[in-house]
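Letter by letter, the chains look like this.
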Amino acid sequence: MRLQINAVRFTADQSLLDFIQAKLNKLDTFHDRIIGGEVFLKLDGADSNKVKEKVVEVRLTIPGKELFVKEHDKSFESATDKVLEVLKDKLVRCKQKRNDIFSPAITEAKSRMSDEEEVLEPDEL
């Protein structure tokens, strides 16, 4: 998956970038049509001298949809884990909806409905 990682107002360590890339690459197992994504790493409370929390924002692009998740925690790694859990659920739901639309039962029901519409006479309406 193409992933663009942006650290806002600080320089991120390469090990952190590799960690995030490795974690988000695992999302391909939950949805096979992920086009790409953007990650924003921010320091909450950076205006003052003390950094209170670290924020991870992820925007994933899949066909016809864009998923966005924002989580914060004491470290970027734990925030990334939280983001990963939420994205897993969202991707599974999106894939399930896509599969439901194209399921054989729905296709059969649609064809039966169109057949019934053809059989009706104008007098019956």
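In this text, all values refer to a predicted model and were calculated from it rather than measured experimentally.

## Side note on the overall build of the protein
So, point 1. Helices and strands together make up the secondary structure of the protein, namely 3 helices and 4 strands.
So, point 2. The helix and strand sequence of the protein, counted from the amino end, reads β-α-β-β-β-α-α.
So, point 3. Looking at the protein as a whole, 25% of its 125 residues qualify as buried.
So, point 4. Considering only intrachain contacts with a sequence separation of at least 6, the fraction spanning at least 24 residues in the protein is 51%.

## Points about helix H1 (residues 14–25)
So, point 1. With 12 residues, H1 extends 16 Å from end C-alpha to end C-alpha; this agrees with the ideal 16 Å at 1.5 Å per step.
So, point 2. For H1, the complete set of buried residues consists of Leu16, Ile20, Lys23 and Leu24. Seen along its axis, H1 keeps its buried residues to an arc of 90 degrees; they face one direction.

## Side note on the pattern of salt bridges
If the charged atoms of two oppositely charged side chains come close together, the side chains can form a pair.
So, point 1. Going through the model one piece at a time under the given rule, you end up with 6 salt bridges.
So, point 2. Here Lys82 ties to Asp73 by a salt bridge, and the two come within 3.4 Å at their closest N and O atoms.
So, point 3. The exposure class of Lys82 is partly exposed, given its relative accessible area of 36%.
So, point 4. Glu85 is the partner of Lys88 in a salt bridge, and the nearest nitrogen-oxygen pair spans 3.4 Å. Residue Lys88 and its partner Glu85 are located together in helix H2 (residues 76–101), separated by 3 residues, close to a single helical turn.
So, point 5. Overall, Lys88 belongs to the partly exposed group, its relative accessible area being 23%.
So, point 6. Glu85 gets classed as partly exposed once you look at its relative accessible area, which sits at 44%.
So, point 7. Because the salt bridges share partners, they merge into one network encompassing Lys42, Glu57 and Lys70.

Calculation criteria
Throughout this document, residue positions are counted from 1 along each chain, in the order its sequence is written. Reporting of local features is limited, given that this is a predicted model, to residues whose pLDDT is at least 70; pairs of side-chain atoms are given and counted only at 80 or more, and all residues count toward the totals for whole chains, interfaces and linings. Remark: hydrogens and water are excluded; side-chain values derive from all non-hydrogen atoms of the structure. Note on conventions: DSSP H or I runs of at least 4 residues are helices, E runs of at least 2 residues are strands, and numbering of each starts at the N terminus. Three labels apply to residues, based on accessible area from a 1.4 Å probe with only protein chains included: buried if under 20% of the type maximum, exposed if over 50%, partly exposed otherwise in between. We call two residues contacting when some pair of their heavy atoms lies within 4.5 Å. To estimate how far a helix should extend, the number of its residues minus one is multiplied by 1.5 Å. Note: the arc covers the axis-to-C-beta directions of the helix. We define a salt bridge as a contact between a side-chain nitrogen of Lys or Arg and a carboxyl oxygen of Asp or Glu at a distance within 4 Å.

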